[in-house]
Amino acid sequence: MFIQIRDLQFQYKNTKKNTLDHIQVDIERGEIISILGKSGSGKSTLLRIIAGLENPTSGSMKLNGEVMFDPRTFIVPEKRGIGVVFQDYALFPHMTVAQNIKYGLRKMNRKQKQERLEEMLSLINLAEYGQRYPYELSGGQQQRVALARALAPAPSLLLLDEPFSNLDAHLQEKIRDELKEILKKTGITSIFVTHDFADAKAIADRILYIDEGQLVNRACDLVMS
Amino acid sequence: MNRFHWSRVHHKGWALASLLFITIILIPNLLIGVEFFTEGNDNWLHIREYLLKDYLQNSAVIIIFTALATMLIGTSLAWLITIYQFPMRNFLKWALILPLAIPPYIAAYTFHGILNYTGVIQSTLRNSFEMQVNQAYFDIMSIQGAIFIFTVTLFPYVYAITRSFFQNLSASVLENARLLGGNDLDTFFRVALPISRAAIVGSVTLVILEVLNDYGVTSYFGIQTVSTAIFRTWYGMMDLDSALKLAGTLMVLVMVVLMFERIVRGRRKFFDPSSKVRPIQPKKLTGAKAWGVFAYCFGIFTIAFIIPLLQLLRWAFMTYEKVFNAEFITLAKNSVLVASIASLIIIFVALIISNYTRLQAGLLTKFISRVTTLGYSIPGAAIAIAVITIFISLDQYIVTFLAQFNLKPEFVLRTTLIMLIFAYVIRFLAIGFNNIEAGFEKIGNRYSETSRMLGASTLRTFFMVDLPLLRGAIASGFILVFVDILKELPLTLFLQPFNFSTLATQAFKYANDERVQEASIASLMIIFISALCIFIFHRVLDKEAN
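Remember, predicted model here, so these are calculated numbers, not experimental data.

**Q** Would you take a moment to explain the overall build of chain A for this structure?
**A** Each helix and strand in chain A was counted, giving 6 helices and 10 strands. A compact globule built from 225 residues should have a C-alpha radius of gyration of about 17 Å, and chain A, at 18 Å, falls within 12% of that. Principal axes of the C-alpha set define a box for chain A whose edges measure 50 × 40 × 35 Å. Evaluated residue by residue, chain A yields a buried proportion of 42% over its 225 residues. Considering only contacts in chain A between residues 6 or more positions apart, those separated by 24 or more positions represent 67%.

As structure tokens, this is what we get:
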């Protein structure tokens, strides 16, 4: 198994109930997984725990055979080699598109960085946009830059948090297809979180349903809002 | 799994640095706290038996009446400016904050100069109209006078905070009140005042803390308060222990005030961040009403800012040839130098602590940010006496330590600027911290999380992402701290090294030596720089709000 999560529990401070309860997940290399659930179901928390941005109460996770966390270990997010695209993209506003994409490329020389940048820009069809600042881009373009930035360091896993929630409704379908194409092209293992069944169905190889902090088996267990 | 285990505490470097700074800040406070409960010497028994009651009574009277007066003036101005359109409203809107640029001690000797026997009012009446007045009506060096000075210099705190609260109030709240049949006065008392209780109480608390911090006004007017007593016990009797006990008494007063604020404010917040507001559109006033409101607002601005400024300018023209010399340049340089160094250190420390408290939420970081903001509520005199005690024993340690190697130190810490800057950092760290914390809150955690997911450590993230995004908050924090240090009197007076003065302390010294005219240029310089910063600051804030 490429990703193996066992008995994961998570509780926010000041709450009595577990936000996540006994989560078990297995994911194979190259799979595109969607985590589908209502708001407040704990799906974003699960994503943040996988990324290393939250500290689980108990449980363990292995990524590509390496322990990311267990009762004795905790690998900090910068050492996990996981890429994330946040809901609001979080493009650094003081950097150009090119600087944003090159941010995660640290062990390369200047020439390699430039090559990787060009490769990424053409992957997202924004070859001419390197010198622009994020605020000069449309929402859909910003999202693609965020995706390119996350993919540039060649992470072993890509996480996407509600990738379509910030986009106009009429754009969603087009961008969904684009995203699927890019993910398939790179062959990267991806997990994305959504509350929209149509999004999940369109992109994912497999859907994990989450409700009140627990993974449930069937879609009909889940009353979607 | 134990969440609090050290191996799972992230950002260890940031944690250690923050804890170190916090400890340094806590030491003087702990010293005062511990000393407060020890057995006192004869001096202390005498002070407690015969003097303390007067000190406390004077402080209490000044605090209560200043609080009431600033509340009345500040909230009424805020209300009028918010709901009415009248002549010069847009100018007065920010001009009414300007009196904050005049430190109370400067206002004290300026108004004394205006009102005393040789002052402009009495001499004009005497020489041009042959009128002799009853001196009792013109005596400002009294408790009433001190209340007047504090009121005209500190009401802008209440005005500015309450006004920005009103501004964030939704227009529909007031419209509803009107629709329910209340007139404007009715709406003010029944809706606006109760709604803004937290803002008013918070700002009046700031005023009270400033009054408790004061040394200049009360000492110049010869009023005995706890602050002035601390200085006299140390300078007059060289009695550190009793001075520390007085500092403890002052801290108890501060705690009472802060507790009172808590109780009155309850769980109310200053602002309601949840709702998008439709701002209140000011109602256009015409005729007598418009001019009446104008006269009230402009009258207060005149008394609090224009009159003292004109008097200082007149004195400056009389004395500039004598005062504006190489020595004055040195004073200005000294002021800028210590204020810059201390502000830089404060911003540096504030950045580290606020970054840590942001990265790691929890009890420890909550405690750390509480302690960081503690200093601003502790009066300068109390900090000064605690810091001096610490440095005296530090110096002793250093001397005995070096003596083992037959060395005699060239200087001791007490005679250097280190002691003064140390005290500034403790007192003003809160201002820098609040600004930078607000800056962090504004940019949120997304950018730094993204940076870490791209493989950057917290340190690299801090330099590449956080710092550039915080530029504005850093600049405004620096300016605010810088201005406060420039105006600062009690700490500087107490802790400045021999042969070292700043604009503030030299001005105060001139005034005390009955050379008040010669204090004018230094005073004007302080006022000018402060006013400039206030102007820039509120312009920037206003622009951001739009």
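Okay, back to it.
**Q** Teacher, can you tell me more about the overall build of chain B here?
**A** A count of helices and strands for chain B gives 24 helices and 2 strands. If you line up chain B on its principal axes, its C-alpha atoms span 75 × 55 × 50 Å. For chain B, buried positions account for 43% of its 546 residues. A separation threshold of at least 6 residues defines the contact pool for chain B, and within that pool the share at least 24 residues apart is 83%.

**Q** Can you walk me through the interface of chain B and chain A in this structure?
**A** Frequently, the measure chosen for interface size is the accessible area that the parts lose on association. Each side of the interface is counted separately: chain B has 17 residues, and chain A has 23 residues. Looking at the side of chain B that touches chain A, the elements that each hand over two or more residues are helix H19 (446-453) and helix H20 (458-469) of chain B. The residue inventory of the side of chain B that touches chain A, partitioned by class, reads 8 nonpolar, 4 polar and 5 charged.

**Q** Sorry, what's going on with the pairing of strand E8 (residues 189-194) of chain A here?
**A** Along any regular strand, the residues point their side chains to alternate faces of the sheet. All names here are of chain A. Buried residues dominate E8, accounting for 6 of its 6 residues. Here E8 shows a buried face lined by Thr189, Ile191 and Val193 and a second buried face lined by Ser190, Phe192 and Thr194. Bridge count for strand E3 (residues 32-36) against E8 is 5 bridges, and the pairing is parallel. Looking at the pairing, Ile32 lines up with Ser190 of E8. Two elements, strand E7 (residues 157-161) and E8, share 5 bridges in a ladder whose sense is parallel. Residue pairing for E8: Leu157 is matched across the bridge by Thr189. Crossover E7 to E8 through helix H5 (residues 169-186) is right-handed.

**Q** When you look at unusual backbone geometry in this model, what are you seeing that I'm missing?
**A** Leaving glycine aside, a negative phi is the common case for residues, and trans is the common case for peptide bonds. You will see that Ala90 of chain A, though not glycine, has its phi angle at about 50°, which is positive. Structurally, the position occupied by Ala90 of chain A is in the loop between strand E6 (82-85) and helix H2 (97-102). Take Ala90 of chain A: there are 25 C-beta atoms within 10 Å of it, and that puts it in the buried class. Phi is positive for Asn499 of chain B, close to 70°, though the residue is something other than glycine. As for its placement among the helices and strands, Asn499 of chain B is situated in the loop between helix H22 (490-495) and helix H23 (503-512). Taking the C-beta count within 10 Å as the criterion, Asn499 of chain B has 6 such neighbours and is therefore assigned exposed.

**Q** Help me out: how do you make sense of the sheet that holds E3 of chain A in this one?
**A** Through backbone hydrogen bonds, the strands of a sheet pair up, either in parallel or in antiparallel fashion. Residue and element names in this part refer to chain A. Pairing is mixed across the open sheet formed by 6 strands, whose spatial order is E6-E7-E8-E3-E9-E10. Both edges of this open sheet fall to E6 and strand E10 (214-216), since each of them pairs with a single strand only. On average, adjacent strands in this sheet sit at an angle of 25° to one another, irrespective of strand direction. In this sheet, strand E9 (residues 206-211) lies alongside E3 in parallel orientation, the contact comprising 4 bridges. Pairing of Ser34 across the sheet is with Ile207, part of E9.

**Q** Got a minute to help me understand the confidence of the model for chain B in this structure?
**A** All names here are of chain B. Summary statistics for chain B give a mean pLDDT of 86 and a share of 95% for residues scoring 70 or more. The least confident element of chain B, judged by mean pLDDT, is helix H8 (residues 171-179) at 74; the most confident is helix H11 (residues 216-221) at 93. Here the predicted complex carries an ipTM of 0.88, next to a pTM of 0.85.

**Q** Is there a simple way to think about helix H14 (residues 287-323) of chain B in this case?
**A** The α-helix winds at 3.6 residues per turn, so residues separated by three or four positions along the chain end up facing the same way. Along its length, H14 of chain B reaches its greatest deviation from straightness, about 45°, at Phe317 of chain B. Those residues of H14 of chain B that sit buried are Val293, Cys297, Ile300, Ala304, Phe305, Pro308, Leu309, Gln311, Leu312, Trp315, Ala316 and Val323 of chain B.

**Q** Explain helix H21 (residues 471-487) of chain B to me, please; I cannot follow it from the model alone.
**A** All names here are of chain B. Taking 1.5 Å of rise per residue, 17 residues should cover 24 Å, and H21 covers 25 Å from first to last C-alpha, within 8% of that figure. Most of H21 sits inside the fold, with 12 of its 17 residues counted as buried. Taken together, the buried positions of H21 are occupied by Ala473, Ser476, Gly477, Phe478, Leu480, Val481, Phe482, Val483, Asp484, Ile485, Leu486 and Lys487.

**Q** Help me understand the sheet that holds strand E5 (residues 66-69) of chain A, please; the structure alone is not making it clear to me.
**A** Residues and elements named next belong to chain A. Taken in spatial order, the 4 strands make up an open sheet running E2-E1-E4-E5, and their pairing is antiparallel. One side of each edge strand has no neighbouring strand; the edge strands of this open sheet are strand E2 (20-27) and E5. Across the sheet, the axes of successive neighbouring strands diverge by a mean angle of 20°, strand direction being ignored.

**Q** What's the story with the pairing of E9 of chain A in this structure? I'm lost.
**A** Residues and elements named next belong to chain A. As paired strands, E9 and E10 are joined by 3 bridges and run antiparallel to one another. What sits directly across from Ile210, in E10, is Leu215. Following E9, the chain reverses through 2 residues before pairing antiparallel with E10; Glu212 in that reversal takes a positive phi of roughly 45°.

**Q** How should the environment of Lys79 of chain A be read in this particular structure?
**A** Of note, Lys79 of chain A is situated in the loop between E5 and E6. Residues Lys79 of chain A and Gly52 of chain A lie 27 residues apart in sequence; the distance between their C-alpha atoms is 9.3 Å.

**Q** What's the story with the packing of helix H7 (residues 143-168) of chain B against helix H10 (residues 197-213) of chain B in this structure? I'm lost.
**A** Each pair of packed helices can be described by the angle between their axes along with the distance between the axes. Residue and element names in this part refer to chain B. Taken N-terminus to C-terminus, the directions of H7 and H10 make an angle of 155°; their axes are 9 Å apart at the nearest point. In terms of orientation, H7 and H10 fall into the roughly antiparallel class. Read as a crossing pair, H7 and H10 show a hand that is right-handed. Contacts from Phe150, Leu154, Tyr157, Val158, Ile161, Thr162 and Phe165 of H7 reach H10 at Ala199, Ile200, Gly202, Ser203, Val204, Leu206, Val207, Glu210 and Val211. Among the residues making up the contact of H7 with H10, the classes are represented as 12 nonpolar, 3 polar and 1 charged.

The rules behind the values
- Residues numbered from 1 in each chain as written.
- Chains lettered and ligands numbered in written order.
- Predicted model: local features only at pLDDT ≥ 70, side-chain atom pairs only at ≥ 80, totals over all residues.
- Helix = DSSP H or I, 4+ residues; strand = E, 2+ residues; numbered from the N terminus.
- Rg over C-alpha atoms; globule rule 2.2 N^0.38 Å.
- Buried ≥ 20, exposed ≤ 12 C-beta atoms within 10 Å, placed from the backbone.
- Contact = placed C-beta atoms within 7 Å.
- Nonpolar A, V, L, I, M, F, W, Y, C, P; charged D, E, K, R; others polar.
- Pairing = 2+ DSSP bridges.
- Right-handed = clockwise from strand over helix to strand, strands pointing away.
- Axes fitted to C-alpha atoms, helices over the stretch in contact; angles between N-to-C directions.
- pLDDT = per-residue confidence, 0-100.
- Bend = angle between axes of the 7 residues up to and from the residue.
- Expected span 1.5 Å × (residues − 1).
- Parallel < 35°, antiparallel > 145°, perpendicular 65-115°, else oblique.
- Left-handed = near helix turned anticlockwise from the far one by under 90°.

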